[in-house]
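Okay, here's what each chain looks like letter by letter:
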Amino acid sequence: IPCNIGFFQPSNGSFNCIPSEPGHYVPENASKSMISCLAGTYQPNSGASSCMIASEGYYVPSVASIRQIICEPGTYRNSDELLGGTRCLETPAGMFSVAGSIIPQPCPPGTYSEEPMAKSLSSCSRTEPGSFTDTPGSLYPQFCQPGTFQPEYAATSCIDSPLNSFSFGRGASSFTPCTSGGYTLSTNSESSTDCIFDQDEDGIIDREDNFVHIKGDALPVIYFLQTAIINSLLVVLVIRRDWFNDK
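**Q** Now, about the overall build of the protein: what can you tell me, with residues and values included?
**A** For the protein, the helix and strand inventory stands at one helix and 20 strands. Counting the 247 residues in the protein, one finds 31% classified as buried. In the form shown here, the protein has an accessible surface area of approximately 15000 Å², with 57% of it arising from carbon and sulfur atoms.

Written out as structure tokens, the structure reads:
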């Protein structure tokens, strides 16, 4: 009598059949040997007629395996990206994978991951004050641009410097108020030169008052240059007037 599938008998004239061992299978009747399961497949039972394919999120690295192995944290596997389940894939930077992951998860906005194989959400780094990330899966933080600031960790955006203040340079974590009664004409001011005050004493804060004077600082050189030019023009006008009068 021939042995059924799942069983084999290497010797002629034998009256019993031998079940295949775990990690092996016998796919045909009247077989004289069992076959080892290939890498990527496994069989935990005896007397099997086939092997099991590694589940997604698992892998089988060697032949004749009796179990599948869960993908370690920082790795993942799915049949779309890796059909043969002989290994797991490394999680790319900007993502993380817990044990048994089928696909990696992106670090959420406000966090980032520069290195591959992040193992959990806690492996994603929070952005520092003065920086942010606004998209999932960021590799690096972005610095706040001049005129904006961010005092918090794990930020998803930056804040415009409020009226009558400025945020200087990239990566500011705070704003600086204008001093000496200075004002700004809008939010998002980038430097102290955006601060103005009623220098012409007309009672109106406008762009005519465009010379900066922060307490303790000297007036800008341009102020003195423009003043000298204006005075020179006035002298020239007076001389020309007197010359014409003499005529």
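Anyway, onward from the coordinates.
**Q** Help me get a handle on the confidence of the model for the protein, residues and values and all.
**A** Here the protein shows a mean pLDDT of 87. Residues at 70 or above account for 80%. Predicted confidence is poor over residues 211-224, with pLDDT under 50, and the contacts of this stretch with residues over four places away or in other chains come to 24 contacts.

**Q** I'd like a rundown of the packing of aromatic side chains, residues and numbers included.
**A** In total, this model carries one aromatic pair according to the counting rule given. When the ring centre of tyrosine 153 is taken as reference, the NZ or CZ atom of arginine 126 above it lies at 4.6 Å.

**Q** Break down the environment of proline 129 for me, citing the residues and quoting the values.
**A** As for its placement among the helices and strands, proline 129 is situated in the loop between β14 (125-126) and β15 (131-132). Through-space distance from the C-alpha of proline 129 to that of glycine 171 is 7.8 Å; in sequence the pair is 42 residues apart.

**Q** So what's going on with the state of the cysteines? Which residues, and what values?
**A** Under the definition given, this model contains six disulfides. Covalent S-S linkage joins cysteine 107 and cysteine 124, the inter-sulfur distance amounting to 2.0 Å. Taking the torsion about the sulfur-sulfur bond, which here is approximately -75°, the covalent link between cysteine 107 and cysteine 124 counts as left-handed. Placement of the pair is cysteine 107 in the loop between β12 (105-106) and β13 (111-112) and cysteine 124 in the loop between β13 and β14, with a sequence separation of 17 residues. Using a relative accessible area of 0% as the deciding quantity, one classes cysteine 107 as buried. Note that cysteine 178 is cross-linked by a disulfide to cysteine 195, the S-S spacing being 1.9 Å. For the disulfide bridge between cysteine 178 and cysteine 195, the dihedral angle about the S-S bond is near -75°, and by the sign convention the bridge is left-handed.

Thresholds, definitions, all that
- Residues numbered from 1 in each chain as written.
- Predicted model: local features only at pLDDT ≥ 70, side-chain atom pairs only at ≥ 80, totals over all residues.
- Heavy atoms only, no water.
- Helix = DSSP H or I, 4+ residues; strand = E, 2+ residues; numbered from the N terminus.
- Buried < 20%, exposed > 50% of the residue type's maximum accessible area, 1.4 Å probe, protein only.
- Areas by Shrake-Rupley, 256 points an atom, 1.4 Å probe, with all protein chains shown as cover.
- pLDDT = per-residue confidence, 0-100.
- Contact = heavy atoms within 4.5 Å.
- Phe/Tyr/Trp six-rings, centres within 6.5 Å; stacked < 30°, edge-to-face > 60°.
- Lys NZ or Arg CZ within 6 Å of the ring centre and 35° of its normal.
- Disulfide = S-S within 2.5 Å.

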